[in-house]
Amino acid sequence: MAWRCSGASNAALVDNMWRHGLITDPSVKEAFLRVDRAHYAPACPYEDSPQPIGHAATISAPHMHASAVEHLLPRLLPASPASPAPRVLDVGSGSGYLTHLLAELVGERGLVVGLEHIPELRDLGAANMRKSPEGARLLDSGRVRFRLGDGRLGLCEDARQGEEAYGTGWDVIHVGASASEVHPQLLDQLKSPGCIFIPVDDDRDGYSQHIWRIAKDDSGNVSKERLFGVRYVPLTDAPSIA
């Protein structure tokens, strides 16, 4: 699919993903058009392929980010002005590209937190967002935050001002590295309703992985759907410093 969707510009890349059905919702298309991948990919930003960003991490191919957003969309968009604002945790936020895309969809009262276990990658996401006026505005407004921690344990993050009554759980959890299991801490922190998009190893060696979409309904019942095979870097301990 990569050769079909690459483009000479951000607009061309997004249009190709739209034409080939990788992006199907107009709100998702508009979010991708507003976030220039050139601010996040170190080279050839409009190729539909993953790229290394240092520290054994990558920025995923655009079509993978599109798939993640489309599968999470029902819980990303604000239901109504009177409803609780969406809270999103982006585990393994890396370059910050998907973190920015998610923030474009959650509305003015929403919150998206990028979580990294490597300080340099946490800082990279924030620095990349500040390359655009809109990204800087999202950071300065508090709609986007970058944090350091072990993504397998999730994150307890204070609500934005005015949203304290709705708690610190997450409507959406996106995991951008392959997990050996669906960690119970992530399920515990997921709201009812809510959903998780996560690559999970099929075997102990991690050579085979599939994306799972895990949903909680209003009553807290959990359902799991295996979507498609992938190849992600592993969700592991932060590297030790010699």
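As recorded in an unreviewed UniProt entry, the protein goes by the name protein-L-isoaspartate(D-aspartate) O-methyltransferase, listed as coming from Hirsutella rhossiliensis. Looking at the Sequence similarities (unreviewed entry) heading of the UniProt record, one finds this comment for the protein: "Belongs to the methyltransferase superfamily. L-isoaspartyl/D-aspartyl protein methyltransferase family." Quoted straight from UniProt, the Subcellular location (unreviewed entry) entry for the protein says "Cytoplasm".

Visitor: Before we move on, could you go through the overall build of the protein and cite the residues and values that matter?
Guide: Along the protein, the regular secondary structure elements total eight helices and nine strands. Principal-axis analysis of the C-alpha atoms places the extent of the protein at approximately 45 × 45 × 40 Å. Put simply, of all contacts in the protein between residues at least 6 apart along the chain, 57% involve residues at least 24 apart. Surface accessibility of the protein: about 10,900 Å² in total, with carbon and sulfur atoms responsible for 52%. Each charge class in the protein can be summarised by its mean position, and for the 24 positive and 31 negative side chains these summaries are 2 Å apart.

Visitor: Requested: an account of helix H7 (residues 133-141), with residues and values cited.
Guide: Taken residue by residue, H7 has Gly135, Ala136, Leu138 and Leu139 as its buried positions. For H7, the buried positions fall inside an angular range of 160° around the axis, keeping them on one side. Away from the buried face of H7 by more than 90 degrees, exposed residues Pro133 and Asp140 are located. Tucked inside the fold, the buried residues of H7 contact helix H5 (97-105), helix H6 (119-129) and strand E5 (144-148).

Visitor: Outline the sheet that holds strand E9 (residues 222-230), supporting the account with residue identities and numerical values.
Guide: Within the open sheet, the seven strands sit side by side as E5-E4-E3-E6-E7-E8-E9. Their pairing is mixed. The outermost strands of the open sheet, each flanked by one partner alone, are E5 and E9. Adjacent strand axes in the sheet meet at a mean angle of 15° when their direction is disregarded. With five bridges connecting them, strand E3 (residues 87-91) and strand E4 (residues 111-116) associate as parallel partners. Within the sheet, the bridge partner assigned to Leu89 lies in E4 and is Val113. Strands in contact with helix H4 (residues 62-76) are E3, strand E6 (170-175), strand E7 (190-201), strand E8 (209-216) and E9; relative to E7, the strand with the most contacts, it is inclined by about 160°. Across the sheet, H6 touches E4 and E5, and the angle it forms with E5 is around 165°.

Visitor: I'd love a proper account of the packing of helix H3 (residues 26-34) against H4, names of residues and values included.
Guide: Between two packed helices, the angle of one axis relative to the other and the distance separating the axes together describe the packing. One can describe the packing of H3 onto H4 by two numbers: an axis separation of 10 Å at closest approach and a directional angle of 140°. It follows that H3 is oblique to H4 by the angle criterion. Between H3 and H4 the crossing geometry is right-handed. On H4, the residues that touch Ser27, Val28 and Phe32 of H3 are Pro62, His65, Ala66, Val69, Glu70 and Leu73.

Visitor: I'd like to hear about the nonpolar core, residue by residue, with values.
Guide: Counting 44 residues, the largest nonpolar core has Phe32, Val69 and Leu76 as the members making the most contacts within it. Ranked by residues supplied to this core, first place goes to H4 with seven residues. Those residues within four positions of Leu76 in sequence are excluded, and the remaining contacts are Val69, Pro86, Val88, Leu102, Leu105, Val106 and Val172. The next biggest cluster of nonpolar side chains, apart from the first, holds 20 residues, and it includes Trp170, Ile173, Ala177 and Ala179.

Visitor: For the environment of Leu105, give the residues involved together with the corresponding values.
Guide: Locating Leu105 in the fold gives a position in helix H5. For Leu105, a relative accessible area of 6% puts it in the buried group. A sequence separation of 47 residues divides Leu105 from Thr58, and the C-alpha atoms of the two residues are 23 Å apart. When neighbours within four sequence positions are excluded, Leu105 is seen to be in contact with Ser27, Val28, Ala31, Val69, Leu73, Leu76, Leu77 and Pro78.

About the criteria used
- Residues numbered from 1 in each chain as written.
- Predicted model: local features only at pLDDT ≥ 70, side-chain atom pairs only at ≥ 80, totals over all residues.
- Heavy atoms only, no water.
- UniProt positions renumbered as here; feature names shortened; annotations may be inferred.
- Helix = DSSP H or I, 4+ residues; strand = E, 2+ residues; numbered from the N terminus.
- Contact = heavy atoms within 4.5 Å.
- Areas by Shrake-Rupley, 256 points an atom, 1.4 Å probe, with all protein chains shown as cover.
- Lys, Arg positive; Asp, Glu negative; His and termini not counted.
- Charge placed at Lys NZ, Arg CZ, Asp CG, Glu CD.
- Buried < 20%, exposed > 50% of the residue type's maximum accessible area, 1.4 Å probe, protein only.
- Arc of directions from axis to C-beta.
- Pairing = 2+ DSSP bridges.
- Axes fitted to C-alpha atoms, helices over the stretch in contact; angles between N-to-C directions.
- Parallel < 35°, antiparallel > 145°, perpendicular 65-115°, else oblique.
- Left-handed = near helix turned anticlockwise from the far one by under 90°.
- Core = buried A, V, L, I, M, F, W, Y, C linked by side-chain atoms within 4.5 Å.

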